[in-house]
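Coordinate inspection notes
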Amino acid sequence: MPMMNRIVPIITIIAAIIVVWYASAVLMNTKWATDQAARKGVELTTVELIKDTWSQDRPRLPAPHQVLFDLWKSTGEMALKGKAFSKRSLIYHGWITLSSTLLGFVIGTLAGILLAIGIVYNRVMDMSVMPWAITSQTIPILAIAPMIIVVLNSIGIQGLIPKAIISAYLSFFPVVVGMVKGLRSPTLEQLDLLTTYNASRREQLWKLRFPSSISYLFTALKIGMAASLVGAIVGELPTGAIQGLGARMLTGSYYGQMIQMWSALFAAAILAAVLVGIISMIQSRVLGRLGIQL
Amino acid sequence: MWFVIAFVIWALGFWINHKLANGEYGQSRATRIAIPTIFGLTILFVWECLVRGFDVPMVILPPPTAIAVRFGTSLDILWIDFVQTFIKGALSGYVIGCGSAFIIAILIDGSRFLKKGLLPVGNFIAALPIVGTAPIFVMWFGFDWQSKAAVVVAMVFFPMLVNTVQGLAATNLMQRDLMATYSANYIQSLLKLRLPAAMPAVFNGLKVATTLALIGAIVAEFFGSPIKGMGFRISTEVGKLGLDMVWAEITVAAIAGSAFYGIVSIIEKALTFWHPSQRGHA
C-alpha cells in the first residue's frame, strides 16, 4: 500500500517530536516545580513532579497539550461563545495578520509578474534590473520593516497598508526571479515555431511563455506567501504591539506568557501551512488541466 | 532645478545603458557589470535630487549623501553592531545549525524509513515562520547573542537538512555499483562518491541559509538585546527618528549579506568546479 508507505514514517517522526517535546518540558520545568515544592516544604514523587511540569501556569516550555488547549480556548471556544472577533481571540489577531499578508502578497505578485515580463522583453531592463533583483535576495530586506512602519506612521498612514507594503516587498523579488526563469523556459524550437506561425509578441507571451511559466510561478508563489506572512508578523512589532499575531508574540514576551507566545506561534504556523497548502492545491489543479506532470 | 537635474541624470543613465546593451559589446563581461552599476548610480543620484527638490524631511527619507556621511562618521558603532549581530549571532548560529544538519543528514541517510519521514516534515517546517520562535529563545537564553544564535540554528537547520539529504541521493545506481565493484566500504564510497556528488545541493542549502541567518539574527534583536547589535540599533534609531543611522545599518546589512553569500559561492566554485552549472561561465 503506497499510501501507508508514505504516511507511517511521517507519523513516526511527528510522534518522536512530541515525545521529545514532553521530555524536554519535564527537564526544563523541573527546577520551578522543585523550588515551589521546597518552599511549601513538601517532597514530590516522580509522578507528581512530571504531572506538575506538564501543567504549570508559567512554564519555561509548555507541554503540547497546554499549547493546544490555549489555542482552542482563544479560537474555537471564543467562536462558540460568539466572541470570535473579540480582542482576546486569536481569530481576530490572525485575521489582522492575514489581511495585510494577502493584500501585500497580491500587490507584490502582480508587480513581480509585470516586472518579469518587462525584463524578458527589454534588454536594457534585463541587464540593469536583474542583477539587483538577484542580489536583493541575499540581503536581509526584513531589516527595513520597522523603518517603513514608523515612517509611514509619521506621515499619517497606519494600520493595514504599511504592513502590506512590507509583505509586498518581500514577495516581490522571489516572484520576479521565478517568473523570469519561467518566461524564459520555452526552448528555441518552441519560440521558432511561433515565429513560423507569424505570432505577434503578445501572442507569444500569452500562448507560449505564460503557460510554460506556470509551474515556476507556483513555486515562487509559495516562497512569496511564506515571506509575506513573515513580513506581516515582523511589521507588527514596532507599532507598540496592539494587534496581530506578531503583537501577541511581543506582548507574550513582555509579560513572560510562554503559553501565549507558543499559541501565537502555532497560529502563525497553521496560517502559513494553510496558505501554502491552498496554493499547492490550486497548483495541482491548474497543472493537471494543463497536462503538466508534477 | 533639482527636478531638472534628476530628469537629466535619469535620461542620461537610461541612454548610456540603452547604447551599451544594444551596442557592439552588449554581451561582454565589462558591459554586464557596467550596466547594473550605472543603473544603481542613477537611482542614487535621482534619489538625492528628488529628496533635495521636494525638501523631504530627514525623518522620512534622508538623501544618500547624508547616509554616507553618517556611515563614515559612525564606523566604530557600526563595527560593534556588526560583530555583535553578524559574527556572534548569525555566524555562530550558521555554523552550528548547518553543521548539525549536515551531520544528521549523513546519519539518517542510511535509513529509508527516517528519510521518508523527515523529508516531508522538514520541508513543511522550512515553510513555517520560524522567526516567530525568536521571543521564545530570547526568554530561554537571555538577551545576548546566544538567543540570536539559537534562532539562527532553528531557521537554517531544516533547509540545510533537506538539501543535504537530497544531495546524498544524487548518485545513480551505476556509479554506486562501480564503487561496489571496487569493493569500496561505506566510508570510502561516502567520501569519494556520494559526498562530492552531494556538494551542489549542499551548497544550495548553505547559500539559502546565509540570508536566513542574517534575517534571524537581526529580527531576534527586535525582541530584546543588549545595547548593541544591528537589529537593536535599527529599532532604537527608528524610535529616535535617526533615519540616517538606520540606513547606514541597512547598508551594513546589505554588504554583509551579499558578501556572506558571495564567499559561500566562491567556496562552492572551488569545490564543485566539475558540475555542469559551474562550467562554461569562464
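Once that is clear, we can look at the overall build of chain B. Counting secondary structure elements, chain B contains eleven helices and zero strands. Listed by position from the N terminus, the elements making up chain B come as α-α-α-α-α-α-α-α-α-α-α. Taken against the 2.2 N^0.38 rule, which gives 19 Å for 282 residues, the C-alpha radius of gyration of chain B at 24 Å runs more than 25% over that of a compact globule. Seen along its three principal axes, the alpha-carbon backbone of chain B occupies a region of about 80 × 60 × 30 Å. Every one of the 282 residues in chain B was classed for burial, and the buried ones make up 42%.

What follows concerns the domain arrangement of chain A. By domain assignment, chain A separates into domain 1 (2-61) and domain 2 (90-290). Relative to domain 2 of chain A, the C-alpha centre of domain 1 of chain A lies at a distance of 38 Å.

Turning our eyes to something else, we now look at unusual backbone geometry. Residue and element names in this part refer to chain B. Notably, Asp55 is not glycine yet its phi reads approximately 55°, a positive angle. Position of Asp55 relative to the elements: it lies in the loop between α2 (29-53) and α3 (64-73). Using a count of 7 C-beta atoms within 10 Å as the deciding quantity, one classes Asp55 as exposed. Positive phi outside glycine occurs at Ser183, with the angle close to 55°. By the element assignment, Ser183 lies in the loop between α8 (173-181) and α9 (186-222).

Let us look at the environment of Ile18 of chain A. All names here are of chain A. Among the structural elements, Ile18 can be located in helix α1 (residues 2-40). What makes Ile18 partly exposed here is the crowd of 13 C-beta atoms within 10 Å. Sequence-wise, Ile18 and Ala63 are 45 residues apart; in three dimensions their C-alpha atoms are separated by 9.1 Å.

Right, let's talk about the packing of helix α4 (residues 75-108) of chain B against α9 of chain B for a bit. Residue and element names in this part refer to chain B. Two elements in contact, α4 and α9, have axes whose closest approach is 9 Å; the angle formed by their N-to-C orientations is 135°. Here α4 lies oblique to α9, going by the angle between them. Viewed along their axes, α4 and α9 form a crossing whose handedness is right-handed. Residues Thr85, Gly89, Ala90, Gly93, Tyr94 and Cys98 of α4 form the contact with α9, whose own contacting residues are Leu206, Ala209, Ala213, Leu214, Gly216, Ala217, Ile218 and Glu221. Counted by class, the contact of α4 with α9 contains nine nonpolar, four polar and one charged residues.

On to the interface of chain A and chain B. Frequently, the measure chosen for interface size is the accessible area removed from exposure when the parts meet. Each partner contributes residues to the interface: chain A has 47 residues there, and chain B has 49 residues. Among the elements of the structure, α1, α6 (123-136), α7 (145-154), α10 (201-235), α11 (245-255) and α12 (258-290) of chain A are those that each provide at least two residues to the side of chain A that touches chain B. Per-class residue counts for the side of chain A that touches chain B are 36 nonpolar, eight polar and three charged.

Counting 136 residues, the largest nonpolar core has Val176, Met179, Leu229 and Ala268 of chain A together with Val152, Val156 and Ala213 of chain B as the members making the most contacts within it. Every residue in contact with Val156 of chain B, bar those within four places of it in the chain, is listed here: Tyr94, Gly97, Cys98, Ala209, Leu212 and Ala213 of chain B.

Further remarks concern α4 of chain B. Owing to its 3.6 residues per turn, the α-helix aligns residues three or four sequence positions apart on the same side. The end-to-end C-alpha distance of α4 of chain B, which contains 34 residues, comes to 46 Å, matching closely the 50 Å that a straight helix rising 1.5 Å per residue would cover. Of all the bends in α4 of chain B, the largest measures some 30° and sits at Phe82 of chain B.

Averaged over every residue, the pLDDT of chain B is 86; the share at 70 or more is 98%. Across the assembled chains, the prediction reports ipTM 0.80 with pTM 0.84.

This part is about the environment of Gly242 of chain B. Residues and elements named next belong to chain B. As for its position among the elements, Gly242 is in the loop between α10 (230-239) and α11 (243-271). Judged by local crowding, Gly242 falls into the partly exposed class, with 17 C-beta atoms found within 10 Å. Along the backbone, Gly242 and Leu214 are 28 residues apart, and their C-alpha atoms lie at a distance of 22 Å.

The rules behind these values
Residues numbered from 1 in each chain as written. Chains lettered and ligands numbered in written order. Predicted model: local features only at pLDDT ≥ 70, side-chain atom pairs only at ≥ 80, totals over all residues. Helix = DSSP H or I, 4+ residues; strand = E, 2+ residues; numbered from the N terminus. Rg over C-alpha atoms; globule rule 2.2 N^0.38 Å. Buried ≥ 20, exposed ≤ 12 C-beta atoms within 10 Å, placed from the backbone. Domains from an automatic or database assignment. Axes fitted to C-alpha atoms, helices over the stretch in contact; angles between N-to-C directions. Parallel < 35°, antiparallel > 145°, perpendicular 65-115°, else oblique. Left-handed = near helix turned anticlockwise from the far one by under 90°. Contact = placed C-beta atoms within 7 Å. Nonpolar A, V, L, I, M, F, W, Y, C, P; charged D, E, K, R; others polar. Core = buried A, V, L, I, M, F, W, Y, C linked by C-beta atoms within 7 Å. Expected span 1.5 Å × (residues − 1). Bend = angle between axes of the 7 residues up to and from the residue. pLDDT = per-residue confidence, 0-100.

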